[in-house]
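Okay, here's what each chain looks like letter by letter:
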Amino acid sequence: MTRYLVPTIAALLLIAVSDAGAGVTKGRPLETGQTTSYGEGTDGDLRPGLTRLFIDLNNGVVKDRRTGLFWEKKSNDGSIHDKDNVYGWALSLPVPVVGETFSGSVVSNFLANLNTPPCFAGFCDWRLPTFYELQTLVNIEKADLPAFAEFDTGCTPGCSVTQCSCTGSDFYWTSSTWRAVPTYAWVVYFSTGSSSARMKTEGGYARAVRGGF
Amino acid sequence: MNRIALATLALFALATTRADAGLTKGRTLKTGQATNYGDGSDGDLRRGLPRLFTDLGYGMIKDNRTGLIWEKKTNDGSIHDVHALYSWSTGEPWQANGTAFTTFLATLNSIPCFAGNCDWRLPNLNELESIRNLGASFPAAFLAFNQSCPSGCTNTECSCTTPGGYLSTSTVDGTPSDVWVVRFNYGGCYQSTKTDLGYVRAVRGGF
């Protein structure tokens, strides 16, 4: 028995050690999606970054196998997942004070709804993505709606998250605050792919995420 | 014999699991936000891999999370000077033939090459965005890229970042005259005409 146990343990240890070493480089950049080349050394020529790989879990959730994040699909059915729902990041306090705290309808309505048992897709830890997490969903090769196909498929009126996948063509909130002006939060525009900061009391789209690291 | 087969099978299963785990190598990085603006906000949860940079000497900084090796910028009037501006293209048909390629990269990659490496390139949009620090502004850079930048300092003495727009290699889809630019004042990105001047930071490795 020990004859096999020793080499097995040794092999296991070796794998564990090599993993710990490789574990340092686990935040590799992803492909931007650009495939058109504008000359040698450009993005479309070199295409650096990890290739993208998404899996539709068929329960309204898409998993990104590169980042390890689970994303909520958006629908077109008037439900809590509807792509046209807009939420505020912070509460509007008496003029002229604008709130800085994460307490708007994106928390009290959207996330609260998803995280109320039995919870969306059976998970009660849905949250708003950070600025960097949300930017991983931008596909710059698609100017009209810069989203990957897994987030832009068959978005016909009335379709639910298990039937289609939608992306609203405007800005989405992130959980990251603009440090210079804390009454603003970072947003990603799924109309152009660019990003900026918007006042927290404005109405914006939201896509929930869970998991990751 | 059966035991050997069993052990092999177990190892095979383990290897398969590991190949599966290997898929998740593009984990998102921490934004750097440290101020908490409420439960569930970025500064509260601080999701993402913690950052780890190593100064390799010779004017290079390694990002241990992304695997990318970055050029340090200086304040000494050399080819690495943080204030030097370059163009992406000379105009139609908007190919990569501006001074960012013909002067900056050409100089770094001329033998014996910068730090002995002749494969310097410009980063694409995602690579360039990976070194923004949302916990800082003017510049929105991590300490490794923003350390005492007095006039005349070389890349073994300092590390500089200008709070302006840095050129990426990524073209705006549908608008071939425009390129994606990351602004290191606050860390946002925007689209700029390829003949406009921008700052540059070379990168290598990472594939």
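Heads up: the structure comes first, above all this text.
None of the values given here were measured: they were computed from a predicted structure. The residue count restarts for each chain, going from 1 along the sequence in the order it is written. To read the labels, note that chains go from A and ligands from 1, taken in the order they are written. The model is predicted, so local features are restricted to residues of pLDDT at least 70 and side-chain atom pairs to those at 80 or more, both for listing and for counting; the totals for chains, interfaces and linings are taken over all residues.

Which residues make up the sheet that holds strand β1 (residues 53–57) of chain B, and what values do they have?
All names here are of chain B. DSSP calls a pair of strands paired once it identifies at least 2 bridges connecting them. Secondary structure elements follow DSSP: runs of H or I of four or more residues count as helices, runs of E of two or more count as strands, with numbering from the N terminus. The antiparallel open sheet is built from four strands, whose spatial order is β1-β2-β3-β9. Each edge of the open sheet is held by one strand with a lone partner, namely β1 and β9 (203–204). Of the strand pairs in this sheet, β1 and strand β2 (residues 60–63) are connected by four bridges, and their pairing is antiparallel. Note on β2: the bridge partner recorded for T54 is K62.

Can you break down the environment of M199 of chain A residue by residue, with the values?
Considering the arrangement of structural elements, one finds M199 of chain A in strand β6 (residues 195–199). Along the primary structure M199 of chain A and G99 of chain A are separated by 100 residues, whereas in three dimensions their C-alpha atoms are 9.3 Å apart.

Can you break down unusual backbone geometry residue by residue, with the values?
A cis amide bond, omega 10°, links P117 of chain A with the succeeding residue P118 of chain A. Residue placement: P118 of chain A occurs in the loop between α3 (105–114) and α4 (131–135). In the segment running from I111 of chain B into P112 of chain B, the intervening peptide bond is cis, with an omega of 15°. Assignment of secondary structure puts P112 of chain B in the loop between α3 (99–108) and α4 (125–129). With a phi angle near 55°, A115 of chain B is a residue other than glycine that sits in the positive phi range. Considering the arrangement of structural elements, one finds A115 of chain B in the loop between α3 and α4.

Describe the interface of chain B and chain A, listing the residues and the values that go with them.
Across the contact, 63 residues belong to chain B and 60 residues belong to chain A. Those elements that place two or more of their residues in the side of chain B that touches chain A are α1 (2–21), α2 (42–45), α3, α4, β5 (165–172), β6 (175–183) and β7 (189–193) of chain B. Note that Gly is not counted as nonpolar here; it falls among the polar residues with everything else outside the nonpolar set of Ala, Val, Leu, Ile, Met, Phe, Trp, Tyr, Cys and Pro and the charged set of Asp, Glu, Lys and Arg. Of the residues assigned to the side of chain B that touches chain A, the class counts are 23 nonpolar, 28 polar and 12 charged. Throughout, a pair of residues is in contact if the C-beta atoms placed from their backbones lie within 7 Å.

Please provide a residue-by-residue account of α3 of chain A, values included.
Each α-helix winds once per 3.6 residues, and so residues spaced three or four apart point in a common direction. Three classes are used. A residue is buried when 20 or more other C-beta atoms lie within 10 Å of its own, exposed when 12 or fewer do, and partly exposed in between, with C-beta atoms placed from the backbone. Listing the buried residues of α3 of chain A in full gives V106, V107, F110, L111 and L114 of chain A. Viewed along the axis of α3 of chain A, the buried residues span an arc of 115°, placing them on a single side of the element. To obtain the arc, one takes the directions from the helix axis to the C-beta atoms.

Account for α3 of chain B, with residues named and values stated.
All names here are of chain B. Regarding α3, the residues found buried are A100, F101, F104, L105 and L108. Along the axis of α3, the buried residues cluster in a sector spanning 115°; they form a single face. Looking at the buried positions of α3, the neighbouring elements they touch are β4 (86–87) and β5.

Everything listed here is a matter of coordinates, which is why it stays silent on function.
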